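Residues per chain, in single letters:
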Amino acid sequence: MSDEVIVVGGGLAGCLTALHLARAGVAVRVIEAGVIGGQASSANAGSLHAQIPHDPFRTLGEGWATRFAPAVTMLKESLLLWREMEALLGADLEVHFGGGLLVAHSEREMAEIRAKVAIERAAGLEIDLLDQFALQALAPYLGRDAVGGAFCAGEGKANPLVVTPAVARAAAAAGAVIEAGTGDVAIARDGEAYVLAAGSATGRLAAPLGAHLPIQAFPIQVSVTEPAAPLVPHLVYCAGAKLTLKQAKNGTLLIGGGWDARLDEQGRPQVDMANLSRNLGVAARVVPALGGLQLVRSWAAFVNGTDDWLPIIGELPQAPGVFINYVPWMGFSGGPAASLAVAAQVQGISPPSGVDWAAFTPVH
């Protein structure tokens, strides 16, 4: 049987889309230029986000956050799908929902958090404001200079090194054809439908079709410590500086937050030592016990982004039959909901309700 749908991109989004289509009886082929899950799907830190990211909230303002609110609803729905992911795949993905904790160190930061929480609650996210006493009771590992914060119980983490390979295996078992190492491809319209889920390459693939999507790749870096005794049960953020911090199942602590990496002469991302020092300094201030741990590894990779942080999901109006599956910055978190929606759209049925999918239509 010939392919009905060709998915370009073998990361989490592409493989999940293929899995849903294959289980619906659609003949689907995944084409990956390199290794399945070898780019952002495995290089990220495994955070499962739903909150509005605080750094762009601080820099872009409440107006931007209000426009971003439909993405909060999508992320919330996606985290519900993450709760079913291990059962869906029959695999241990180290999914854990300890909740996400945003920490403030000043009254100004608390005022920002209160304004952000109001927008998040309006978008349907369950999130609690914490004063200093409640924060210390919930997270006694925090530094004593923290004055309050916000807690979203629905956030968590998973192991990105095992997720996409498990999705690809499940898709193949359902009948999808998975092809890796194909090198760069271009789209030839021969009757098939296409799903472009190729991360930052999605913009290049869509351009010949007349779609100019605001897709970019940004080099960032992440670090991991030696294993430690259980210390941090939450996904931790800092309102005053970029930080994500979590403890993995094996006891290591992953430290990130979107700090810029540098590019070498060939345009490859490399760890920026100055930003590494700043990132570790923020982490040690928030969780002082980190100061006694050894850093094992730091790595740099490209993350898929857009300036407005909004997903691009749906059929290209310039090219009927070509669908975009692109969640910037938080694609690991939002991949399940986006992929389920795109798989439905490809089949001509309505995507799951509860999310304003029209807010993400690729109209650029």
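Residues numbered from 1 in each chain as written. Predicted model: local features only at pLDDT ≥ 70, side-chain atom pairs only at ≥ 80, totals over all residues. Heavy atoms only, no water.

Chemist: Got a minute to help me understand the side chain of Asn279 in this structure?
Modeler: By secondary structure assignment, the location of Asn279 is in helix α9 (residues 273-286). Judged by its relative accessible area of 2%, Asn279 is buried. Apart from the residues lying within four places of it in its own chain, the contact partners of Asn279 are Lys242, Leu243, Ile255, Gly256 and Trp259. (Helix = DSSP H or I, 4+ residues; strand = E, 2+ residues; numbered from the N terminus. Buried < 20%, exposed > 50% of the residue type's maximum accessible area, 1.4 Å probe, protein only. Contact = heavy atoms within 4.5 Å.)

Chemist: So what exactly am I meant to see when it comes to the packing of aromatic side chains here?
Modeler: Remark: the centre distance and the inter-plane angle together describe each pair of aromatic rings, the angle taken between the planes. A full pass over the atoms with the stated rule returns 6 aromatic pairs. Aromatic side chains Trp64 and Phe68 sit 5.1 Å apart centroid to centroid with 25 degrees between the ring planes, which places their arrangement in the stacked category. Taken together, the residues span about one helical turn, with Trp64 and Phe68 both in helix α4 (residues 62-89) at a distance of 4 residues. Taken as a pair, Trp64 and Phe68 share a single burial class, namely buried. Ring geometry for Trp82 and Phe332: centres 5.0 Å apart, planes at 45 degrees, overall tilted. In this pair, Trp82 sits in helix α4 while Phe332 sits in helix α10 (residues 331-346), placing the two residues 250 residues apart along the sequence. Of the two residues, Trp82 and Phe332, both sit in the buried class. (Phe/Tyr/Trp six-rings, centres within 6.5 Å; stacked < 30°, edge-to-face > 60°.)

Chemist: For this particular structure, what's the right way to read the nonpolar core?
Modeler: The tendency in soluble globular proteins is for nonpolar side chains to be buried side by side. By size, the foremost hydrophobic cluster in this structure holds 75 residues, and its most contacted members are Val5, Phe68, Met74 and Trp82. If near-sequence neighbours (up to four positions away) are discounted, Phe68 is found in contact with Ile52, Pro53, Asp308, Trp309, Leu310 and Met330. Membership of the second largest hydrophobic core comes to 23 residues, among which are Ala139, Ala146, Cys238 and Trp259. (Core = buried A, V, L, I, M, F, W, Y, C linked by side-chain atoms within 4.5 Å.)

Chemist: What is the right way to look at helix α1 (residues 12-23) in this model?
Modeler: Working note: α-helix, 3.6 residues per turn, so residues spaced by three or four point in the same direction. For α1, built from 12 residues, the straight-helix expectation of 16 Å at 1.5 Å per residue is met to within 8% by its first-to-last C-alpha distance of 16 Å. Most of α1 sits inside the fold, with 10 of its 12 residues counted as buried. Among the residues of α1, those classed as buried are Leu12, Ala13, Gly14, Cys15, Leu16, Thr17, Ala18, Leu19, Leu21 and Ala22. Directly after α1, the chain includes Gly25, whose backbone phi takes a positive value near 90 degrees. (Expected span 1.5 Å × (residues − 1).)

Chemist: Help me understand the sheet that holds strand β5 (residues 128-131) in this model?
Modeler: By way of backbone hydrogen bonds, the strands of a sheet pair with one another, either parallel or antiparallel. Here 8 strands make up an open sheet; going across it, the order is β5-β6-β4-β11-β12-β13-β10-β16 and the pairing mixed. For this open sheet the edge positions go to β5 and β16 (295-305), each flanked by a neighbour on one side alone. The sheet shows a mean angle of 20 degrees between the axes of neighbouring strands, direction not considered. As judged from the 4 bridges shared by strand β4 (residues 100-104) and strand β11 (residues 235-238), these two strands associate in the parallel manner. For Val103, the partnering residue across the bridge sits in β11 and is Cys238. Along the sheet, helix α5 (residues 107-122) makes contact with β4, β5 and β6 (148-152), crossing β5 at roughly 160 degrees. (Pairing = 2+ DSSP bridges. Axes fitted to C-alpha atoms, helices over the stretch in contact; angles between N-to-C directions.)

Chemist: Can you walk me through the packing of α1 against α4 in this structure?
Modeler: A packed helix pair is summarised by two numbers, namely the angle formed by the two axes and the spacing between the axes. It is the contact of α1 with α4, at a shortest axis distance of 14 Å, that shows an interaxial angle of 60 degrees. The angle between α1 and α4 falls in the class oblique. Two packed elements cross with a definite hand, and for α1 against α4 that hand is left-handed. Only Trp82, Met85, Leu88 and Leu89 of α4 make contact with α1, whose side of the interface consists of Leu12, Leu16, Leu19 and Arg23. (Parallel < 35°, antiparallel > 145°, perpendicular 65-115°, else oblique. Left-handed = near helix turned anticlockwise from the far one by under 90°.)

Chemist: How should I be thinking about α4 in this particular structure?
Modeler: When the terminal C-alpha atoms of α4 are compared, their 39 Å separation across 28 residues agrees well with the 40 Å that a helix rising 1.5 Å per residue should span. Bending of α4 peaks at approximately 45 degrees at the position of Phe68, with proline Pro70 no more than four residues after it. Remark: Gly90 follows α4 within two positions and exhibits a positive phi of approximately 65 degrees. (Bend = angle between axes of the 7 residues up to and from the residue.)

Chemist: Is there a simple way to think about the environment of Asn304 in this case?
Modeler: Tracing the sequence through the fold places Asn304 in strand β16. Considered as a pair, Asn304 and Thr202 are 102 residues apart in the sequence and their alpha carbons are 9.8 Å apart. Excluding anything up to four places from it in sequence, Asn304 contacts Ala40, Gly199, Ser200, Gln216, Tyr326, Pro328 and Trp329. A polar contact of 2.9 Å, which involves the side chain of Asn304, links it to the backbone nitrogen of Ser200. (Polar contact = N/O pair within 3.5 Å; in protein donor to acceptor, adjacent residues only side chain to side chain.)

Chemist: Explain the sheet that holds strand β1 (residues 5-8) to me, please; I cannot follow it from the model alone.
Modeler: Taken in spatial order, the 6 strands make up an open sheet running β8-β2-β1-β9-β18-β17, and their pairing is mixed. The open sheet has two edge strands with one neighbour each: β8 (177-179) and β17 (312-315). The average undirected angle you get between the axes of adjacent strands in this sheet is 15 degrees. Examined bridge by bridge, β1 and strand β2 (residues 28-31) share 4 bridges and lie parallel to one another. Of the residues in β2, the one forming a bridge with Val5 is Val28. Its contacts with the sheet place α10 against β1, β9 (193-196), β17 and β18 (322-326), and it is angled at close to 175 degrees to β18.

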